Number of protein chains: 2
Amino acid sequence: MKTVGIGFLGCGNIGCGVYRLLEQQRAQMEENEGISFDVRQILVRSTGKRRGADIPDSLLTTCAQDVLADPEIAIVMEFMGGEQPAASYMMRALEAGKTVVTANKMALATHWNELIRAAREHGAGLYFEASVCGAIPIIRAMCDSLQANRISSVTGIINGTTNYILSRMSSEGASYQAALSEAQRLGLAEPDPTADVEGFDAAYKLSILSSLAFHRHVPVESVYREGISGVTPEDVQFGREFGLTLKLLAVAKEENGRIQARVHPAFVPDSHPLASVGGAFNAVYVSGHACGEMMFYGRGAGDMPTASALVSDLTMAAKEKSHRLPAVFGDAEDIADDWTCVHFVRMLATDEPGVLSELAGLFARHGVSIASMVQKGERDAQGRVQIVFLTHRASECAVRAAISEMDEALGVQVSIIRVEKD
Amino acid sequence: MKTVGIGFLGCGNIGCGVYRLLEQQRAQMEENEGISFDVRQILVRSTGKRRGADIPDSLLTTCAQDVLADPEIAIVMEFMGGEQPAASYMMRALEAGKTVVTANKMALATHWNELIRAAREHGAGLYFEASVCGAIPIIRAMCDSLQANRISSVTGIINGTTNYILSRMSSEGASYQAALSEAQRLGLAEPDPTADVEGFDAAYKLSILSSLAFHRHVPVESVYREGISGVTPEDVQFGREFGLTLKLLAVAKEENGRIQARVHPAFVPDSHPLASVGGAFNAVYVSGHACGEMMFYGRGAGDMPTASALVSDLTMAAKEKSHRLPAVFGDAEDIADDWTCVHFVRMLATDEPGVLSELAGLFARHGVSIASMVQKGERDAQGRVQIVFLTHRASECAVRAAISEMDEALGVQVSIIRVEKD
């Protein structure tokens, strides 16, 4: 039996989940894996707080050095969240030759090459399965299972909060605000929901996933990002009539040698495997030239699902004789600022002769070809009606240029939602 | 750059796929993984045959010893299929300290402990991701990602041929025979389809999956097995009216300390993630106490998807300093011969006063409680009508006993299909 000393940085919900899981599974892990884990130090903000796990007071410390400098601690598990001080603590652990297991997508995505380089230089491991999609082993799939593939796309529902909100809007016609409040009441959204609903959380995760998929570093700043706070029940409802389900998608694609990395609301056909991913679940859909299409589905958040991934990394880290690490990738220099897809364009336009032809003409002048159009419902008080266009595959930039001209020329209010068919 | 000598046992579709993939990805694998693979010997039945890959004649041999005794071959890849001579070749390779990578579920499931023991004794690796569900990394998920979980159930669509047939029966009302012929025409079913349609293929895979899930050896012989050849379009159609989709499921469950391992046609609710797995796709749905519910979806067969898994194993095997292997499990002594679930029971019964009450009475005497019943359609020439019962959760043995008495007492023709709701 090998005993491995570990230290925790942070002990909120996730940390307590890991502690509980290690206690619950102690006998099974010792028997099946031949490893016993010894939690030696836990960094907390306050030692007096009540916690969701039965942790002896003697393990708690408010001094990071107690974890980072303990020579008996071989593996440091980090679940403090946030960029700092998490990133610098991880750097210190790696520089001391300690292996790091982290759930922190923000610190990882923003210090990606720095952390990997430090791990490589000091012979330490860096494990981060839990940083993307909780229990879903998508990191291991990309690194250890699909490494013989040329990945053409990774399309994911990688934020549970927004998927819950959009699922409620879809199933019940709820407004964005009502669905968000419900999510907050259930503890699925933070009191300040910005990181989730504006797509920041998904952008960190997509930076990690796309770097692994394309073997080039895709920095967070180059991920196009648009949240769900502008989505209306009308968008959801019109989409349904076209057989489309609205999701917040994270899309990484390699097309014509250029990388697209973008997070935005998008419609998928109802028949697409991602369409039926409901509630707070996550799923990642991957296409590779040999494996074909795959999907990984599961719980992307929560203390125990995240702990499941963290303890799997911990076990892997403890057994590995030499740690496998991603290469230090150069920054991708070919990130696309334009892409083509089908666009759903909904607008409120004056119901007058000539307006429709003017709108259609504007699309045409920008090279955007229309696949279908519906006009719905009664005129509002200003004499305007709802019009929805579905384009053929068209350039994002061209569609935006057409829309901006429409706004100037006709004063129409427009929402654009991309449609991802594959 | 590390160069690793490898040998192939067999070179049909899968072997050619692996050869092509290694050639295609040579530069990428050298750059990202730091490994160069050198294919040195390929065992074939006949050296004269045309193959689907550009393989130099100098690599081909009809003598197994050329592969098994070459000291420069560190890793033997086996894709001959069938139990023998594949299993004994793999044993010889392992006994010579060579690592084995195999796609052969039959040889692996029937020689499970023997192969694992040989690998352990000789310090060799044994990798078998490709033996279950092609490209889907379900083996690695069970061994490396969910190891901190108590798995309660593994429910899979793990045979693409039968899923294709049932999908056609469901979408087009096709008969079993017509859908099978179509599958044969497309190369999705063998000229002799027995191994697929009677559930043997799924039983081998389930033996492997359930042994890994429950850390006890579940021999193939203890897997309950029932194929799809008796499924009728009426079953499929009635199921649809109850909101149920018919699949050939492989179910491994631990309930009340006993293991269930069974392959049979089963209904899942239309809303279940497995219901929308269509065509020749595979999917495995796993429940664990920490990770919650997960699903892994992808291509379970075909040369390139299988090659994707084989080359991922090969890369892992080449990089590993000490191979991770499952333990040699004792045989599970607690495999259940009874289980409870909802049963769909369809019968053709004489449409006479009293028959229905007699049927209901028989169910009741066996402790089987009825949740709903429908009688459908016109009387046939013998004055019989279709009746479908959906039971509440009931013992499999009790339902079978009731049915057998009905058959004796009333001469009714019955089909039973289990309903898996979770």
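Residues numbered from 1 in each chain as written. Chains lettered and ligands numbered in written order. Predicted model: local features only at pLDDT ≥ 70, side-chain atom pairs only at ≥ 80, totals over all residues. Heavy atoms only, no water.

**Quick notes on the sheet that holds strand β3 (residues 60–61) of chain A**
Residue and element names in this part refer to chain A. An order of β3-β2-β1-β4-β5-β6 is seen for the 6 strands of this open sheet, with the pairing classed as parallel. The open sheet has two free edges, formed respectively by β3 and β6 (126–127), since each of these has just one partner strand. Along the sheet face, helix α1 (residues 13–24) touches β1 (2–9), β2 (35–43) and β4 (75–78) and points at about 160° away from the line of β1. (Pairing = 2+ DSSP bridges. Helix = DSSP H or I, 4+ residues; strand = E, 2+ residues; numbered from the N terminus. Contact = heavy atoms within 4.5 Å. Axes fitted to C-alpha atoms, helices over the stretch in contact; angles between N-to-C directions.)

**Quick notes on the nonpolar core**
It is characteristic of soluble globular proteins that their nonpolar side chains tend to be buried jointly. One finds Ile138(A) and Ile138(B) to be the most contacted residues of the largest nonpolar core, which totals 178 residues. Beyond its immediate stretch of four places on either side in the chain, Ile138(A) contacts Glu129(A), Val132(A), Cys133(A), Leu209(A), Val284(A), Val286(A) and Phe296(A). (Core = buried A, V, L, I, M, F, W, Y, C linked by side-chain atoms within 4.5 Å. Buried < 20%, exposed > 50% of the residue type's maximum accessible area, 1.4 Å probe, protein only.)

**Considerations on the relation of the copies chain A and chain B**
Taken as rigid bodies, chain A and chain B are interconverted by a rotation of 180° and an axial shift of 0.0 Å, the fit giving an RMSD of 0.0 Å. As the rotation angle and translation indicate, the two copies are arranged about a two-fold axis. When each C-alpha of chain A is compared by its distance to the rotation axis, Phe296(A) comes out closest, at 2.4 Å. Mapped onto chain B, 100% of the interface residues of chain A are again interface residues, and the two copies thus contact each other with one and the same surface. (Least-squares fit on C-alpha atoms with pLDDT ≥ 70 in both.)

**Considerations on the interface of chain A and chain B**
Each side of the interface is counted separately: chain A has 48 residues, and chain B has 48 residues. Across the interface of chain A and chain B, roughly 3,800 Å² is buried in total on both sides, 53% from carbon and sulfur atoms. For the interface between chain A and chain B, the tally reads 2 salt bridges. A salt bridge links Glu293(B) to Arg299(A); the nearest nitrogen and oxygen atoms lie 3.1 Å apart. (Buried area = accessible area lost by both parts, 1.4 Å probe. Salt bridge = Lys/Arg side-chain N within 4 Å of Asp/Glu carboxyl O.)

**Some points on helix α12 (residues 233–241) of chain B**
Taken together, the buried positions of α12(B) are Asp235(B), Val236(B), Phe238(B) and Gly239(B). Backbone geometry just downstream of α12(B) places Gly243(B) in the positive-phi region, at approximately 75°.

**Quick look at the pattern of salt bridges**
Side chains that differ in charge, positive against negative, can pair when their charged atoms come close. Residue and element names in this part refer to chain A. Enumeration over the complete set of coordinates arrives at 53 salt bridges over all chains. Here Arg-185 and Glu-182 are joined by a salt bridge, their closest N and O atoms 3.2 Å apart. In this pair, Arg-185 and Glu-182 both sit in helix α9 (residues 176–185), 3 residues apart, roughly one turn of the helix. Using a relative accessible area of 60% as the deciding quantity, one classes Arg-185 as exposed. Overlapping salt bridges bring together Arg-168, Glu-172, Glu-182 and Arg-185 as one network.

**Some remarks on the environment of Ala93(B)**
Along the chain, Ala93(B) turns up in helix α4 (residues 86–95). Setting aside residues up to four positions removed in sequence, Ala93(B) forms contacts with Leu68(B), Val76(B), Lys98(B) and Val100(B).

**Examining empty space enclosed by the protein**
Overall, the coordinates contain 6 cavities of 30 Å³ or more when judged by the stated rule. Within this model, the largest cavity holds a volume of roughly 80 Å³. Taken together, Pro273(A), Ser276(A), Val277(A), Met295(A), Tyr297(A), Pro273(B), Ser276(B), Val277(B), Met295(B) and Tyr297(B) form the lining of the largest cavity. Of all the secondary structure elements, the ones that give two or more residues to the lining of the largest cavity are β12 (292–299) of chain A together with β12 (292–299) of chain B. When grouped by side-chain class, the residues that make up the lining of the largest cavity number 8 nonpolar, 2 polar and no charged. (1 Å grid on protein atoms, 1.4 Å probe; cavity = no way out; pocket = protein on both sides within 12 Å on 5 of 7 lines; lining within 4 Å. Points joined across faces, edges and corners; volume = space filled by probe spheres on them. Nonpolar A, V, L, I, M, F, W, Y, C, P; charged D, E, K, R; others polar.)

**Some words on the state of the cysteines**
One pass over the structure, following the stated rule, counts 0 disulfides over all chains. The cysteine Cys291(A) is free of any disulfide, with Cys133(B) supplying the nearest cysteine sulfur at 14 Å. Given a relative accessible area of 0%, Cys291(A) falls into the buried group. (Disulfide = S-S within 2.5 Å.)

**Some words on the sheet that holds strand β4 (residues 75–78) of chain B**
All names here are of chain B. With respect to topology, 6 strands assemble into an open sheet ordered β3-β2-β1-β4-β5-β6, the strand pairing being parallel. Each edge of the open sheet is held by one strand with a lone partner, namely β3 (60–61) and β6 (126–127). Running over the sheet, helix α13 (residues 303–319) touches β1 (2–9), β2 (35–43), β4, β5 (99–102) and β6 and is turned about 115° from β2.

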